[in-house]
Amino acid sequence: MPEADQEGQRYAPDQPQATPGFYLKGSHQLDWGMKNRLARVFDPASGRTVMLAVDHGYFQGPTTGLERIDLSIVPLLPSCDALFCTRGILRSVIPAHCQKPMVLRASGGPSILRDELSDEQIAMDMDDAVRLNAAGVGIQVFIGGEHETRSVHNMTRLVDAGLRAGVPVMGITAVGKTMVRDAKYFRLACRIIAELGAQYVKTYFVEDGFETVTASCPVPIVMAGGKKLAELEALTMAYNAVQQGAAGVDMGRNIFQSEAPQAMIAAVAAVVHKNMTPKEAFELFNSLKRRAAAVSEVVRTANTG
Ligand code: 5RP
């Protein structure tokens, strides 16, 4: 067994990795189809994305806010850059005329009823992702988890299939309940996922050292939302993540569990694409929320009067 090296310290977050010929970090040597799919998800103008994550049902069933995706999520589609969902929801609920890029959940296995969630397998053929015109696929990788090796192997098999088809793979750092969520862990997990071929990585924000997580990962990182926070807190987290090198967000509960999801996704988009400060974005959220409430009051009065 080789002696483990000390982790390096030279992250140089102020010296961004060069991206010659294509705007996305680490993507300039990919094939045309892969680049084209990435360009559908990551806005070429800002180089960033607001992905709306609604895949929770793949292990949690009808999660709060996703009980009726037709009612709660379909109206939000025009406001996101891409939707992260399961193929079941795509086929059964998302209108096929929708022009938004779809990134499909490609792993599954244990439900929320089990303690060990790392026992996943690949749960979708790449052929089906292509048939569904997917812009990408996403898969959990449980670094340090009980089924670490299998989850890494699931991802590498998906990456091989994705390279054959031109479909990018988003590797997701899945953290066990008892594991420490710090920059050291996420540097390790994100780097392993990128080294083993994922075209981009979804990971959580950490207050200390997030810029070292993004700097040491040679492909784009999108910030995972996590559990529902107060709106200002969630906007601050998204702001800090993009200012510290994330290429956008893949947020779910902090959008669809907000008291005003439409206002929240617009505020998140302003932070991600326009570098709006959290305070300004929160003001935008409040003014859009007030406007939406006024419109529903007019509709309610018209319907009852
Ligand atoms: C967990 C996942 C999800 O199932 C989901 O996308 C999480 O979104 P959020 O935490 O923002 O609600 O990828 O790793």
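Attention here is on the structure that accompanies the text. Source: prediction; values computed, not measured.

Criteria and thresholds
Residues numbered from 1 in each chain as written. Predicted model: local features only at pLDDT ≥ 70, side-chain atom pairs only at ≥ 80, totals over all residues. Heavy atoms only, no water. Helix = DSSP H or I, 4+ residues; strand = E, 2+ residues; numbered from the N terminus. Rg over C-alpha atoms; globule rule 2.2 N^0.38 Å. Buried < 20%, exposed > 50% of the residue type's maximum accessible area, 1.4 Å probe, protein only. Contact = heavy atoms within 4.5 Å. Areas by Shrake-Rupley, 256 points an atom, 1.4 Å probe, with all protein chains shown as cover. Lys, Arg positive; Asp, Glu negative; His and termini not counted. Charge placed at Lys NZ, Arg CZ, Asp CG, Glu CD. Core = buried A, V, L, I, M, F, W, Y, C linked by side-chain atoms within 4.5 Å. Near = heavy atom within 4 Å. Polar contact = N/O pair within 3.5 Å; in protein donor to acceptor, adjacent residues only side chain to side chain. Nonpolar A, V, L, I, M, F, W, Y, C, P; charged D, E, K, R; others polar. Expected span 1.5 Å × (residues − 1). Arc of directions from axis to C-beta. Salt bridge = Lys/Arg side-chain N within 4 Å of Asp/Glu carboxyl O.

## Examining the overall build of the protein
Link 1 in the chain: Of the regular secondary structure elements, the protein holds twelve helices and ten strands.
Link 2 in the chain: A compact globule built from 305 residues should have a C-alpha radius of gyration of about 19 Å, and the protein, at 19 Å, falls within 12% of that.
Link 3 in the chain: Counting only C-alpha atoms, the protein reaches 75 × 40 × 40 Å along its principal axes.
Link 4 in the chain: The 305 residues of the protein split such that 49% are buried.
Link 5 in the chain: Long-range contacts, defined as pairs at least 24 residues apart, comprise 65% of the intrachain contacts of the protein with a sequence gap of at least 6.
Link 6 in the chain: On the protein, roughly 14900 Å² of surface is accessible, and the fraction owed to carbon and sulfur atoms is 52%.
Link 7 in the chain: Between the averaged position of the 31 positive side-chain charges in the protein and that of its 32 negative side-chain charges there is a distance of 5 Å.

## Describing the nonpolar core
Link 1 in the chain: Ranked by size, the top nonpolar core spans 74 residues in total, and within it L52, I73, L83, M102, V137 and V268 carry the most contacts.
Link 2 in the chain: A total of eight residues in this core trace back to one element, the largest contributor, which is helix α11 (residues 261–274).
Link 3 in the chain: With sequence-adjacent residues up to four places away left out, I73 is seen in contact with L52, V54, L66, R68, L83 and F256.
Link 4 in the chain: In this structure, A82, F84, V103 and A247 belong to the second largest nonpolar core, which totals 16 residues.

## Overview of the site of the ligand
Link 1 in the chain: Near the ligand there are 14 residues, and of these D55, H56, K202, G252 and R253 occur at the shortest range.
Link 2 in the chain: The contact in question runs from an oxygen atom of the ligand to an N or O atom on the side chain of D55, over 2.7 Å.
Link 3 in the chain: For the ligand, an oxygen atom lies 2.9 Å from a polar atom in the backbone of G226.
Link 4 in the chain: Computed on the free molecule, the ligand has an accessible area of 380 Å², of which 94% lies beneath the protein chains in the complex.
Link 5 in the chain: Residue composition of the shell around the ligand, by class: five nonpolar, five polar and four charged.

## Quick notes on helix α9 (residues 231–243)
Link 1 in the chain: Under the 1.5 Å per step criterion, the end-to-end length of α9 is 18 Å for 13 residues, consistent within 8% with the ideal 18 Å.
Link 2 in the chain: Buried within α9 are the following residues: E231, A234, L235, M237, A238, A241 and V242. Burial along α9 is one-sided: seen end-on, the buried residues are contained in an arc of 155°.
Link 3 in the chain: The first or second residue beyond α9 is G245, which carries a positive phi of 105°.

## With respect to the environment of Q257
Link 1 in the chain: Mapped onto the elements, Q257 comes out in the loop between α10 (253–256) and α11.
Link 2 in the chain: Taking the C-alpha atoms as reference points, Q257 and P13, 244 residues apart in sequence, are found 33 Å from one another.
Link 3 in the chain: From its side chain, Q257 meets the backbone oxygen of T64 in a polar contact 2.9 Å long.

## Let's talk about the pattern of salt bridges
Two side chains of opposite charge can pair, provided their charged atoms sit close to one another.
Link 1 in the chain: This structure, assessed with the given rule, holds twelve salt bridges.
Link 2 in the chain: Ionic pairing is found between D128 and R131, a salt bridge with its closest N-O pair at 2.6 Å. With D128 and R131 both in helix α5 (residues 126–131), this residue pair falls three residues apart, about one helical turn.

## Some words on the side chain of S151
Link 1 in the chain: Here S151 lies in helix α6 (residues 148–165).
Link 2 in the chain: At 2.9 Å, the side chain of S151 forms a polar contact with the backbone nitrogen of F142.
Link 3 in the chain: Not counting chain neighbours up to four residues away, the residues in contact with S151 comprise Q140, V141 and F142.

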